[in-house]
Amino acid sequence: MGETKDHRPDPDALLSAIQKEERKAQQGKLKIFFGMAAGVGKTYAMLESASGLLVDGVDIVVGYVETHGRAETEALLKGLEIIPRKQIEYRGTLIEEMDIDAILARKPTIVLVDELAHTNAPGSRHPKRYQDVRELLDAGINVYTTVNVQHVESRTDAVRQITGVEIRETVPDSIIENADEIELIDLAPEELLKRLAEGKVYTPDRAQLAIQKFFRKGNLTALREMSLRLTAERVDHQLQDYMEAKQIAGPWKSGERLMVAVSSSPLSERLVRWTRRMAYNLEAPWLAVHVETEKPLTATQKAQLNRNLSLARELGGEVIIISGSDLVATMLHVAHTRNVTQVVVGKPARGAVQELFSGGSAVNRLVRHSGEIDVYVVTGDESESSERPLNPVPVPQITSSAKQYLMAAGIVVIATMLGLLLLEIGISYQAIALILLFAILVLGLFLGRGPVLLAATLSAVMWNFLFIPPRFTYQISQLEDVLLFVMYFLIAIVTGNLTYRVRSQERAVRLRESRTDALYRLAHEIASTVTMEDVFRVAVEQIGQVFDADVAILLTQASGQLASEVHPASTYLLDEKERSVATWAFDNRKPAGRFTDTLPLAKGRYIPLITSGGVFGVMGVALRGKGILQPDQETLLETFVNQVSLVVERELLDEAAKRANVLEESERLYATLLNSISHELRTPLAVITGATTSMIDPNVSNDPEKRQVLIHNLQDAAVRLNRLVENLLDMTRLESGRMRLNLEWCDITDLINVSLSRAQKNLAEHRVDVKIASGLPLIRIDFVLMEQVLLNLLYNAAAYTPKGSKIEVSAHVEGKTMILLVEDNGPGLSSMDVERVFDKFYRGAGVAAGGTGLGLSIARGLVEAHGGTIRAGNKPEGGAMFTIRLPITDAPPVPKEAEL
């Protein structure tokens, strides 16, 4: 048993594998014809396979195929449906590209897409063709495509080292990994060189140039080995996935986790690719970490950093951006908190003197303090080293403006002039040194490091020349003055530099606090919202303030399509082009627009608002001016959008819960109504059936007394049925808002007398007292409906009080209110009855069977329709009491015949 348990696969891994298969089942299948170089026959093999499928009746079309004028390749296109290419104008030239919209509209079973690594013309939906292929796969269309090994992103460094050629067009490794099938088109280097010489690959002039540079036998042999190795690695991973899915014991994924340090150096691209290859071989997740220090970056460095982090995201790494004054300590903190087992860093390109001035090698410190974490130090090639020249002496990077340098020099001059004045009145030159040091400290609070170092050096020189004896020379006669000058110079540089570092760290802390504060404000403001409208209004305001941007929100319509108009809270109006970008983001559940790889020429960036229930809208963010989103800002924006989506999901869940409660209550009321009506219908119908059956009997029909009894029974049953139908109709009209009042001036005495007359039979076994105050004014009411109210109260009193009980009906006026009371001396109402007596279908305990529980609910609705109120309670001496209050409007004089 123990041995079986030890070899049991991880349930989480099995679930992950199943979910992966389910996701892939919803997408199209990708088959890649893979080769070591151009000319091995990838396109020919793809077309040959397509021709066979066409014969088998498969719906297959050509999306884009480049034959390069090869006759045998063009011959294979015959009989295949070719989707016309889309023409894009760029700088006055028409460029043909694959028409992805036409393919999506045609929706074939398989589409052929040649040259997967191709870069699309500017103005296309996606910058790269592999992104077009991804969209086709997401739409459920199978794709056959071709690619060479040198275009695989993680292999480009090795290809550059082997061939000396920089590969510009690449595809992410994830494309290769996620392919459903890879067919390796292998060809011996000698055979490829022969084809090249025969002009079957390039034209003769291009072929000769290619043989001299890229297509050398050694290069082709190395590329062939690389393609074979990559294919073999993928087959090994497929085998492991199969064993894992089928619960076959074997070598499972390792517990390794890699982390690569990413900076603004071009070397970071090589580190990212190296880490990606290593993580793929280990089947391990990996992180790309950038540490923001107090050192500012130039525009060029920021652009390079963005490229490095984008490459890490593209290759499947998790990007983390964190601030910290100590690079090594911050990296180790991330490594320990994320359980990293291996760290990849670049080999330092600085010399020994530079390391000395910068506080020692960061790599050495990292290795020294890494503990059980393995550290890999990766070097760059010559091209990368040339971009970062080594200097024996550190050359500070000038980031401060000329104005700051002039200001530093000016402050030193002013402090020196002040020192000269103080020297004339007897202040020693040692005390003047303290004044100059104070000026250096103040400058460190406001200026950059370069101006502070300039001020420290300039103040030391001027102090020596103008104040240290002998004055106006650079000679120092006394040893203690020499020591004092040296110490002053060092203290000025150190204190100025430390002050600058403290200010830089304070600026970094303030930046982190501003981000945290922005998230807190958004969370706080959204948490206090009541409606969805408030959520979107707060989101637009907060995102607009934090990112200095205009914000648009488009929500889904009832049809499931994206709305054509933006939400009223939006500050950014979309034209037709921008709305098409938003629609693409909505349909594909992916960001699109500016700063993305999909339609990057758009003005705004469009992010789908996704919840567990699907996409409910799109948020568009358009930066004002010519600003760009930095990596940390992209992360912050994604966090903002996720926060908004979570709040919206909460609101949607609340609404769903309310709907569920309403549905549950409706079902309960439906069941109650069905039970009540079935009983109420059954009793009078039984009476009617029995009476009519008896009347058919000659013995009964010929007896006048018996016939009269049966007729009365039929009348009572008909009245009961009529009351039930009236109650149901009244409740339906009240709930639908279709109740129309026929208001007229009425005498309250007539209303009470008519109601008592109609309820006479039900009140036959009770004592009824009527107390009507004299001189009551006429009241404007619907006589019939108010009669129904009094009847329902009288029926209720008769049903819930024992025989012989007293029921009292009274009316009087208090100010501008007419008050009607219906009281009894029965058992009264319980506390629960008082709270729920007017609820639909509620019936008190201890009452005999019968009744729907609608009478009092209808009474309340009718009274409120008149602008009045009805309350239930108990009398102090015992018994129930119902109080009706109706407003009295200006009425005509009371008729004399109505006066008592």
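What counts and what doesn't
- Residues numbered from 1 in each chain as written.
- Predicted model: local features only at pLDDT ≥ 70, side-chain atom pairs only at ≥ 80, totals over all residues.
- Heavy atoms only, no water.
- Helix = DSSP H or I, 4+ residues; strand = E, 2+ residues; numbered from the N terminus.
- Buried < 20%, exposed > 50% of the residue type's maximum accessible area, 1.4 Å probe, protein only.
- Contact = heavy atoms within 4.5 Å.
- Areas by Shrake-Rupley, 256 points an atom, 1.4 Å probe, with all protein chains shown as cover.
- Pairing = 2+ DSSP bridges.
- Axes fitted to C-alpha atoms, helices over the stretch in contact; angles between N-to-C directions.
- Phe/Tyr/Trp six-rings, centres within 6.5 Å; stacked < 30°, edge-to-face > 60°.
- Lys NZ or Arg CZ within 6 Å of the ring centre and 35° of its normal.
- Parallel < 35°, antiparallel > 145°, perpendicular 65-115°, else oblique.
- Left-handed = near helix turned anticlockwise from the far one by under 90°.
- Salt bridge = Lys/Arg side-chain N within 4 Å of Asp/Glu carboxyl O.
- Right-handed = clockwise from strand over helix to strand, strands pointing away.
- Core = buried A, V, L, I, M, F, W, Y, C linked by side-chain atoms within 4.5 Å.
- 1 Å grid on protein atoms, 1.4 Å probe; cavity = no way out; pocket = protein on both sides within 12 Å on 5 of 7 lines; lining within 4 Å.
- Points joined across faces, edges and corners; volume = space filled by probe spheres on them.
- Nonpolar A, V, L, I, M, F, W, Y, C, P; charged D, E, K, R; others polar.
- Polar contact = N/O pair within 3.5 Å; in protein donor to acceptor, adjacent residues only side chain to side chain.
- Expected span 1.5 Å × (residues − 1).
- pLDDT = per-residue confidence, 0-100.
- Patch = residues over 30% accessible without salt bridge, like charges linked within 9 Å, V, L, I, M, F, W, Y side chains within 5 Å.

Draft legend 1. Region of interest: the overall build of the chain. Counting secondary structure elements, the chain contains 30 helices and 24 strands. Within the chain, the proportion of its 900 residues that are buried is 43%. By sequence separation, contacts in the chain at least 24 residues apart represent 71% of the contacts at least 6 residues apart. For the chain, the accessible area works out to roughly 46,800 Å², and carbon and sulfur atoms hold 56% of it.

Draft legend 2. Structural view of the sheet that holds strand 23 (residues 869-874). With respect to topology, five strands assemble into an open sheet ordered 19-21-22-24-23, the strand pairing being mixed. A single partner strand is all that each edge strand has here, and the edge strands are strand 19 (767-772) and strand 23. Across the sheet, the axes of successive neighbouring strands diverge by a mean angle of 15 degrees, strand direction being ignored. With seven bridges connecting them, strand 22 (residues 817-824) and strand 24 (residues 880-887) associate as antiparallel partners. Pairing of Ile819 across the sheet is with Arg885, part of strand 24.

Draft legend 3. Layout of the packing of aromatic side chains. For the structure shown, the criterion picks out five aromatic pairs. Measuring from ring centre to ring centre gives 5.7 Å for Trp274 and Tyr376, while their planes differ by 50 degrees; the resulting arrangement is tilted. Of this pair, Trp274 sits in helix 12 (residues 267-282) while Tyr376 sits in strand 13 (residues 374-378); the two residues are 102 residues apart in sequence, bridging distant segments of the chain. Relative to Phe472, the ring of Phe465 lies with its centre 6.2 Å away and its plane at 80 degrees, an arrangement referred to as edge-to-face. Positioned over the ring face of Tyr64 is Arg85, at 3.9 Å from the centre of the ring. Positioned above the aromatic ring of Tyr64 is the side chain of Arg129, whose terminal nitrogen or guanidinium carbon lies 3.8 Å from the ring centre.

Draft legend 4. Local environment of the packing of helix 18 (residues 402-424) against helix 20 (residues 449-466). The contact between helix 18 and helix 20 brings their axes to 9 Å, and the two run at 30 degrees. As far as their axial angle goes, helix 20 and helix 18 are roughly parallel. Crossing of helix 18 over helix 20 shows right-handed handedness. Taken together, the residues of helix 20 that come into contact with helix 18 (itself represented by Gln404, Tyr405, Ala408, Ala409, Val412, Thr416, Leu420 and Leu423) are Gly450, Pro451, Leu454, Ala455, Leu458, Ser459, Met462 and Leu466.

Draft legend 5. Looking closely at the pattern of salt bridges. Applying the stated criterion across every chain, the model contains 32 salt bridges. Each member of the salt-bridge network shares a partner with another, and the members are Glu153, Asp157, Arg160, Glu166, Glu269 and Arg273.

Draft legend 6. Quick look at the pairing of strand 6 (residues 110-113). In strand 6, alternate side chains face the same way, and those of Ile110 and Leu112 on one face and Val111 and Val113 on the other are all buried. As paired elements, strand 2 (residues 60-64) and strand 6 share four bridges and run parallel to each other. Within the sheet, the bridge partner assigned to Tyr64 lies in strand 6 and is Val113. Sheet topology places strand 6 next to strand 7 (residues 142-148); four bridges connect them, and they run parallel. Counterpart to Val111 in the pairing with strand 7 is Val143. The handedness of the strand 6 to strand 7 crossover, carried by helix 6 (residues 129-138), is right-handed.

Draft legend 7. Quick peek at the pairing of strand 14 (residues 549-555). Most of strand 14 is tucked away, with five of its seven residues classed as buried. Pairing geometry for strand 14 and strand 17 (residues 614-623), over seven bridges, is antiparallel. The partner of Ala552 across the bridge, within strand 17, is Gly620.

Draft legend 8. Spotlight on the nonpolar core. Of all hydrophobic cores here, the largest spans 59 residues; its most connected members are Ile32, Leu112, Leu136 and Leu192. In terms of residue count, helix 3 (residues 42-55) provides more of this core than any other element does, five residues in total. In this view, Leu136 contacts Met98, Ile100, Ile103, Leu104, Val111, Val113, Ile141 and Val143; residues no more than four positions away in its chain are not counted. With 42 residues, the next largest nonpolar core counts Leu756, Met786, Ile858 and Leu886 among its residues.

Draft legend 9. Region of interest: empty space enclosed by the protein. As enumerated under the stated definition, the model contains one cavity of 30 Å³ or more in all. Looking at the largest cavity, the residues that line it are Val152, Arg155, Asp173, Ile176, Glu177, Leu230, Arg234 and Tyr280. Those elements giving two or more residues to the lining of the largest cavity turn out to be helix 8 (173-178) and helix 11 (217-245). Among the elements that take part in the lining of the largest cavity, helix 8 stands out by supplying three residues, more than any other. Here the residues of the lining of the largest cavity sort into four nonpolar, no polar and four charged.

Draft legend 10. Inspection of the side chain of Thr156 at higher detail. With respect to the helices and strands, Thr156 occurs in helix 7 (residues 156-163). Residue Thr156 is classed as buried on the basis of its relative accessible area of 3%. Only 3.0 Å separates the side chain of Thr156 from the side chain of Arg273, close enough to count as a polar contact.

Draft legend 11. Local environment of the environment of Met46. As for its position among the elements, Met46 is in helix 3. Relative accessible area serves as the criterion here: at 0%, Met46 is assigned to the buried category. Here the alpha-carbon distance between Met46 and Val65, two residues 19 residues apart in the chain, equals 9.8 Å. Contact partners of Met46, with chain neighbours within four places excluded, come to Phe33, Val65, Leu112, Asp114, Tyr144, Thr145 and Thr146.

Draft legend 12. Up close: the sheet that holds strand 15 (residues 592-593). Here we have four strands laid out as an open sheet, ordered 14-17-16-15, and antiparallel in their pairing. Bordering the open sheet on either side are strand 14 and strand 15, each of which pairs with just one other strand. Pairing of strand 15 with strand 16 (residues 605-611) involves two bridges; the strand directions are antiparallel. Bridged to Ala592 within strand 16 is Tyr606. This element, helix 22 (residues 532-547), spans strand 14 and strand 17 of the sheet and lies at about 150 degrees to strand 14. Packing of helix 23 (residues 576-588) onto the sheet brings it into contact with strand 14, strand 15, strand 16 and strand 17, and relative to strand 16 it is tilted by some 35 degrees.

Draft legend 13. Examining helix 22 more closely. The end-to-end C-alpha separation of helix 22 is 22 Å, in line with the 22 Å expected for 16 residues at 1.5 Å each. A positive backbone phi angle near 50 degrees is found at Asp548, which sits one or two residues after helix 22.

Draft legend 14. Up close: the confidence of the model for the chain. Across the chain, the average pLDDT comes to 80, with 83% of residues at or above 70. Considering each helix and strand of the chain separately, the mean pLDDT is smallest for helix 1 (residues 2-6), with a value of 43, and largest for strand 6, with 95. Scored below 50 in pLDDT, residues 382-396 makes 21 contacts in the model with residues more than four places away or belonging to other chains. With pLDDT under 50 throughout, residues 894-900 is counted as low confidence; its partners more than four residues away or in other chains account for five contacts.

Draft legend 15. Just the packing of helix 19 (residues 429-446) against helix 20, in detail. Where helix 19 contacts helix 20, the axes come no closer than 9 Å and their chain directions differ by 170 degrees. The angle between helix 19 and helix 20 falls in the class roughly antiparallel. In this structure, helix 19 contributes Tyr429, Ala433, Leu436, Ile440, Leu443 and Gly444 to the contact, and helix 20 contributes Val452, Ala455, Ala456, Ser459 and Trp463. Each residue belonging to the contact of helix 19 with helix 20 can be placed in one class, and the counts come to nine nonpolar, two polar and no charged.

Draft legend 16. Seen up close, unusual backbone geometry. The peptide bond linking Pro469 to Pro470 adopts the cis configuration, its omega dihedral lying at -10 degrees. With respect to the element layout, Pro470 can be found in the loop between helix 20 and helix 21 (479-527). You will see that Arg91, though not glycine, has its phi angle at about 55 degrees, which is positive. With respect to the helices and strands, the residue Arg91 is situated in the loop between strand 4 (86-90) and strand 5 (93-97).

Draft legend 17. Focus on a nonpolar patch on the surface. Residues Leu479, Val482, Leu483, Val486, Met487, Leu490 and Ile491 make up a contiguous nonpolar surface patch of about 620 Å² in total accessible area. The topology assignment puts Val486 in helix 21.

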